[in-house]
Amino acid sequence: MKHFDVRTRINFGENALERLSELNYRRALFIVDPFIVRTGVIDKLTAYVDKTGMAWDVFHDVVPDPPLEKISVGVQKVLEYGPDVLIAVGGGSAIDSTKAIREVASKMDPSIQPALIAVPTTSGTGSEVTSFSVVSDRANRRKIPLVSDSLLPDEAILDVNMVTSVPPMVVADTGMDVFTHALEAYVSINRNEFSAALSEKSMELVMGYLMRSYLDNNDVEARDKMHVASCLAGLAFNSVSLGLNHGMAHQLGSNFHVPHGRANALLLPVIIEYNSGIDASTKAMDNYPLQVLQYADAARRLGLQCFDTVTSVRALAGWIRFMMKEMKMPMSVSETGKCTKEEYFAAIPDMAKAALADACTATNPRVPTYDEVVKLYENLW
Ligand SMILES: NC(=O)c1ccc[n+]([C@@H]2O[C@H](COP(=O)([O-])OP(=O)(O)OC[C@H]3O[C@@H](n4cnc5c(N)ncnc54)[C@H](O)[C@@H]3O)[C@@H](O)[C@H]2O)c1
Ligand SMILES: [Fe+2]
């Protein structure tokens, strides 16, 4: 038996933020990305909450790729303040921090069981609707994907006004994260018709709106569609998980601080080629593994179909490389400028072991070996 759940209420469309003025709680703790405080956006948010008569406080000690130490500072704050609702505002880092903080605080003091409302300010992780929270163990250079239904936010608020300030580079990174979520879910070994439908719509929106969103932050229609695409992809992978792409990307994030979406983008064409066994010299075959047909199907739906299955899969990888070039993204680890060649190659054995052990890798359509993952990392330099 299988099941498909959407437990998070999704508030979207024009003025979705007004949902904050309808809430019925006593004490709210905002957990926000520092830019929310720096730019004064927090005043707009608290003005909505003031209409409800709720008390509130703000915690803004959130950093990208949330480390365990910061989570424990947040836990302390929740235990002291005793909120009955947490309002997470920011990119995946702020939302993941809030999920982990709630999880730990409510275990330490069972009388504190706050609701969680997620207001994403990037269009990337889909964290507002997922039971995943990715935390960083800096001492051991590991990213730990926590997975539990208890991490699911109760509500998400998708308001385009929260994403018009996102700079182009972050649009590119987070947009490629969306596409990676949708495509990894599309070829996941757990794929089902519900997740596939969500992936298809998400990929279609990325195809139509990512470049527009990158080129013009006043293109509100494009930003809005990308915000929806991100949430749809989140719903898809929340049901069927991800794959080797994310398993390997997490290691580039934890070892060298390559931004999450950028790490995914670097890997994506390479992983399509690895999973499908199709590269520039592959000939047509009589029978293809299932994931090859699924990649070709994705290419067809995006208008990238070529005259046969092999060339369609190649076109899909080619389109991703085209988008990366157009959005001035690095095309290799060396181009990220995050590490020297020596540092990178020295880290590969540990990264390969960690990628194989990463929870996301378990649903990859091709079972990777240690040697294969080492080779994939080497080729990425
Ligand atoms: N929980 C999940 O399901 C899931 C899925 C994928 C990734 N992740 C995790 O999420 C994190 C990445 O999240 P992200 O890609 O959203 O990046 P992020 O939250 O780290 O934000 C990236 C940068 O953009 C800035 N920013 C955010 N919103 C902005 C806005 N509206 N205007 C201007 N600047 C803004 C932030 O201050 C930060 O500097 C990683 O830790 C990754 O591992 C989680
Ligand atoms: Fe991701």
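Here the structure is a predicted model, which means the values were calculated and not measured. (Residues numbered from 1 in each chain as written. Chains lettered and ligands numbered in written order. Predicted model: local features only at pLDDT ≥ 70, side-chain atom pairs only at ≥ 80, totals over all residues.)

A closer look at the sheet that holds strand β4 (residues 85-90)
Just so we agree on the cut-off: Paired strands are those between which DSSP finds at least two bridges. Here a helix means four or more residues in a row that DSSP labels H or I, a strand means two or more in a row labelled E, and each is numbered from the N terminus. Interaxial angle, 0 to 180 degrees, is taken between N-to-C directions of lines fitted to C-alpha atoms, where a helix line uses only the stretch in contact. Residues are treated as contacting if the C-beta atoms built from their backbones sit within 7 Å of each other.
Reading across the sheet, the six strands line up as β1-β8-β5-β4-β2-β3 and stay open at both edges, with parallel pairing between neighbours. The strands lining the two open edges of the sheet, one partner per strand, are β1 (9-12) and β3 (55-59). Strand-to-strand twist in this sheet, taken as the mean axis angle between neighbours without regard to direction, amounts to 20°. In terms of strand pairing, strand β2 (residues 27-32) meets β3 through five bridges, oriented parallel. Counted as the bridge partner of Ala 28 is Trp 56 from β3. On top of the sheet, helix α2 (residues 41-50) reaches β2, β3 and β4; it is set at about 160° to β2, its chief contact.

Focus: the site of ligand 1
Test applied: Being near a molecule or strand means, for a residue, that its backbone-placed C-beta atom lies within 6 Å of it. Residues are grouped as follows: nonpolar covers Ala, Val, Leu, Ile, Met, Phe, Trp, Tyr, Cys and Pro; charged covers Asp, Glu, Lys and Arg; every other residue, Gly included, is treated as polar. In this document the domain limits rely on a domain assignment from an automatic tool or a database.
Neighbouring ligand 1 are 30 residues; Gly 91, Gly 92, Ser 93, Ser 127 and Val 134 lie closest to it. At four residues, helix α4 (residues 92-108) tops the list of elements feeding residues into the shell around ligand 1. Partitioning the shell around ligand 1 into residue classes produces nine nonpolar, 17 polar and four charged. Both of domain 1 (9-162) and domain 2 (169-380) provide at least three residues apiece to the shell around ligand 1.

Focus: the domain arrangement of the protein
What the domain assignment reports for the protein is domain 1 (9-162) and domain 2 (169-380). Between the C-alpha centres of domain 1 and domain 2 there is a distance of 27 Å. In this assembly, 23 residues from domain 1 lie in contact with 29 residues from domain 2. Those elements giving two or more residues to the side of domain 1 that touches domain 2 turn out to be β1, β7 (142-147) and β8 (155-158). Broken down by element, the side of domain 1 that touches domain 2 gets its largest block of residues, four residues, from β7. Its residues assigned to classes, the side of domain 1 that touches domain 2 comprises eight nonpolar, ten polar and five charged.

So, the nonpolar core
Condition: For our purposes the nonpolar core covers buried Ala, Val, Leu, Ile, Met, Phe, Trp, Tyr and Cys residues that link as a set through C-beta atoms within 7 Å. Each residue is classed by its C-beta neighbour count within 10 Å, where at least 20 other C-beta atoms makes it buried, 12 or fewer makes it exposed, and intermediate counts make it partly exposed; the C-beta atoms are placed from backbone geometry.
Grouped together as the largest cluster of nonpolar side chains are 110 residues, with contacts concentrated most on Ile 31, Ala 88, Val 313 and Leu 316. Leu 316 has contacts with Ile 272, Tyr 295, Ala 298, Ala 299 and Leu 304, leaving out every residue within four places of it along the chain.

Side note on the environment of Glu 155
Here Glu 155 is to be found in strand β8. Judged by local crowding, Glu 155 falls into the buried class, with 20 C-beta atoms found within 10 Å. Along the sequence, Glu 155 and Asn 11 sit 144 residues apart, while their C-alpha atoms lie 7.4 Å from each other. Excluding residues that lie within four positions of it along the chain, Glu 155 makes contacts with Thr 8, Arg 9, Asn 11 and Ile 117.

What about the environment of Ile 272?
Inspection of the secondary structure puts Ile 272 in helix α9 (residues 260-276). Given 25 C-beta atoms within a 10 Å radius, Ile 272 is considered buried. Ile 272 sits 27 residues away from Asn 245 along the chain, and the two C-alpha atoms are 9.0 Å apart. Contacts of Ile 272, omitting those with residues within four sequence positions, involve Tyr 295, Val 313, Leu 316 and Ala 317.

What about helix α5 (residues 168-186)?
To keep it simple, the criterion reads: Each residue after the first adds 1.5 Å to the expected span of a helix.
Taking 1.5 Å per residue as the helical rise, α5 with its 19 residues ought to reach 27 Å, and the 27 Å between its terminal C-alpha atoms agrees with that figure. Of all the 19 residues making up α5, 17 are buried; the element is thus mostly covered by neighbouring parts of the structure.

Considerations on the packing of α9 against helix α14 (residues 370-380)
What counts here: Any angle from 65 to 115 degrees is called roughly perpendicular, while one under 35 is roughly parallel, one over 145 is roughly antiparallel, and all others are oblique. Throughout, a crossing is termed right-handed when the near helix is turned clockwise from the far one, and left-handed when it is turned anticlockwise from it by less than a right angle.
Packing of α9 against α14 brings their axes to within 11 Å, and their N-to-C directions diverge by 135°. Comparing their axes, α14 and α9 come out oblique. The crossing of α9 and α14 is right-handed. Each of Leu 266, Leu 267, Val 270 and Tyr 274 in α9 lies in contact with α14, whose residues at this interface are Leu 376, Asn 379 and Leu 380. Considering only residue class, the contact of α9 with α14 consists of six nonpolar, one polar and no charged.

Topic: the pairing of β4
Successive side chains on a regular strand alternate, one facing one side of the sheet and the next facing the other. Across the six residues that make up β4, a large majority, six, are buried. Neither face of β4 is exposed, since Val 85, Ile 87 and Val 89 on one face and Leu 86, Ala 88 and Gly 90 on the opposite face are all buried. Judged from the five bridges that link them, β2 and β4 form a sheet pairing that is parallel. By the bridge assignment for β4, Ile 31 is matched with Ala 88. In this structure, β4 lies alongside strand β5 (residues 115-120), joined through six bridges in parallel fashion.

Examining the packing of α9 against helix α10 (residues 290-301)
With their axes 8 Å apart at the nearest point, α9 and α10 run at an angle of 140° to one another. Taken as axis vectors, α9 and α10 run oblique relative to one another. Each of Ile 272, Asn 275 and Ser 276 in α9 lies in contact with α10, whose residues at this interface are Gln 291, Val 292 and Tyr 295. Across the contact of α9 with α10, the residue classes tally to three nonpolar, three polar and no charged.

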